[in-house]
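Residue-level structural notes
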Amino acid sequence: MMRWGWSAGSVLVLGCASAPAPVSEPKPVASAVSASSPARDYLVLIASEATDQITLARFGAGAPRVERVQVTGLNPSEPDGPHGLAVAPGGATFFVSTAHGTPFGSLWKYNTATGAQLGRVELGMFPASMQVSPDGNYVYVVNFNLHGDMVPSSVSIVAAEQMLEVARVETCTMPHGSRLNAAGTRHYSACMMDEALVEIDATRFTVARHFILTKGSEHGMAGTPAAHAMGTMGASAAGKCSPTWAQPSPDGARVFVACNASNEVVEVDVGTWALIRRIPAGAGVYNLAVTHDGTKLIATNKKAQSISIFDLASGRELARVQTLRRFPHGAV
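Residues numbered from 1 in each chain as written. Predicted model: local features only at pLDDT ≥ 70, side-chain atom pairs only at ≥ 80, totals over all residues. Heavy atoms only, no water.

1. A closer look at the overall build of the chain
- Secondary structure summary: the chain contains zero helices and 25 strands in total.
- Counting across all 332 residues of the chain, residues that qualify as buried make up 53%.
- Put simply, 44% of the contacts in the chain that link residues at least 6 apart link residues at least 24 apart. (Helix = DSSP H or I, 4+ residues; strand = E, 2+ residues; numbered from the N terminus. Buried < 20%, exposed > 50% of the residue type's maximum accessible area, 1.4 Å probe, protein only. Contact = heavy atoms within 4.5 Å.)

Right, dumping it as structure tokens:
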């Protein structure tokens, strides 16, 4: 059985099987992981921003190996910067966002088996992280707007079959992370410069509500973050979150947000739209993923050069694994 993973920015990928093995004994922080080979193969797609390359790699019972390397983008003499990567349900196609445009970026669609291009659509400024809806009909891409003015940006919603942008939902300044709940009814992203988690109603293509993440000022409100509330410059350094990722739980009842500035993971109750708890994390916690059974949280620590594994029932860190590369980015 093959399972698919992805990585944005080409630093690290963690592949989780559909039924992860339980941790029989808690591992101490900075412990080593098992060197035994997995029983199944994993095919992983990796986007390399600096070289415009998409690598298909295989991890499994045998030695890891590269299956294919392809180039994406419009101009071979200038980097287009592939940033986000998402595999469609079933694995037949995958999508890549190229962030560096003139001035706008694009979303590309490829055949997974052959690497052949199947379509392209121009989006907003610096399209970044993304996810395909569970039914495979839409691709949700945040327009990060890294090189633009500090103004509210948006989430592009693309019809996957036709490769047409059907909606562009304005959310907040520098949105990042793009995750849907398992039902495909709610979309979540984080506002790196607005201290907010934003929820989009995926049945209406509109912002439903937002949640302010600044420590001591946590609260939820309906609609899009107001202009006067935008900007982390107004938040004290001690309370600033600077959120970089939003990850719903498998049952959709909770959303976990990575606070890159305060080194915490904030857990929000979706039903009450209220703070549940703050989980201490590694320095510069950046990307998040939850195991399929909802028991463990994986977090990349961009400043600490490590990966943390948390038990979600207790919030306890089970292990912290050092990485060979300086900036771990992307987890699946």
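2. Remarks on the state of the cysteines
- For the structure on display, the rule yields two disulfides.
- In this model, C172 is linked to C191 through a disulfide, with the two sulfur atoms separated by 2.1 Å. As the torsion about the S-S bond is roughly -90°, the C172-C191 disulfide counts as left-handed. Separated by 19 residues along the polypeptide, C172 in the loop between β12 (164-170) and β13 (175-180) and C191 in strand β14 (residues 186-191) bring together distant segments of the chain.
- Assessed through its relative accessible area of 0%, C191 is described here as buried.
- Sulfur-sulfur distance for the disulfide between C241 and C259 comes to 2.1 Å. Judged by the torsion about the S-S bond (-90°), the C241/C259 disulfide is left-handed. (Disulfide = S-S within 2.5 Å.)

3. Quick look at the nonpolar core
- Counting 21 residues, the largest nonpolar core has Y140 and F144 as its most contacted members.
- Sorting the residues of this core by element identifies β10 (138-143), β11 (154-159), β12, β15 (196-201) and β16 (206-212) as the ones contributing at least two each.
- If one sorts the elements of this core by residue count, β15 sits on top with three residues.
- For F144, the residues in contact, after removing those within four places along its chain, are M125, F126, A128, M174, P175, H176 and M192. (Core = buried A, V, L, I, M, F, W, Y, C linked by side-chain atoms within 4.5 Å.)

4. Things to note about the confidence of the model for the chain
- Mean pLDDT over the chain: 87, with 86% of residues reaching 70 or higher.
- Note on residues 6-32: pLDDT is under 50 here. Beyond four places in sequence and across chains, it has 69 contacts.
- Of the regions scoring below 50 in pLDDT, residues 230-234 engages in 15 contacts with residues more than four places distant in sequence or in other chains. (pLDDT = per-residue confidence, 0-100.)

5. So, the pairing of β10
- Burial analysis of β10 places five of its six residues in the buried class, which makes it a mostly covered element.
- In the sheet, strand β9 (residues 127-132) pairs with β10 via four bridges, with the strands oriented antiparallel. Bridging from a neighbouring strand, Q131 pairs with Y140 of β10.
- Between the end of β9 and the start of β10, which pair antiparallel, lie five residues, with G136 showing a positive phi angle near 80°.
- Both β10 and β11 contribute to a ladder of six bridges, which runs antiparallel. In the sheet register, V142 faces β11, and the bridge partner there is V155. (Pairing = 2+ DSSP bridges.)

6. Looking at the sheet that holds strand β22 (residues 285-290)
- Read from one edge to the other, the open sheet built from four strands follows the order β22-β23-β24-β25, with strand pairing classed as antiparallel. With one partner strand each, in any of the chains shown, β22 and β25 (316-322) form the two edges of the open sheet. Going across the sheet, the axis of each strand differs from the next one's by a mean of 20°, ignoring polarity.
- Bridge count between strand β23 (residues 296-301) and strand β24 (residues 306-311): six bridges; the pairing is antiparallel. Its bridge partner lying in β24, T300 is registered against I307. (Axes fitted to C-alpha atoms, helices over the stretch in contact; angles between N-to-C directions.)

7. Some points on the packing of aromatic side chains
- Under the criterion given, the structure shown has five aromatic pairs.
- On the numbers, 6.3 Å between centres and 5° between planes, the contact of W108 with Y110 is stacked. Here the two residues W108 and Y110 agree in accessibility, since each one is buried.
- With centroids separated by 5.4 Å and ring planes inclined at 85°, the aromatic side chains of Y138 and F205 adopt a geometry described as edge-to-face. Within this pair, whereas Y138 is found in strand β10, its partner F205 is found in the loop between β15 and β16, the two being separated by 67 residues in sequence.
- A relative accessible area of 23% means that F205 is categorised as partly exposed.
- Three or more aromatic residues link up through ring pairs in this structure, and these residues are F94, W108 and Y110.
- The ring of W273 has R209 lying over it, and the distance from NZ or CZ to the ring centre is 4.0 Å. (Phe/Tyr/Trp six-rings, centres within 6.5 Å; stacked < 30°, edge-to-face > 60°. Lys NZ or Arg CZ within 6 Å of the ring centre and 35° of its normal.)

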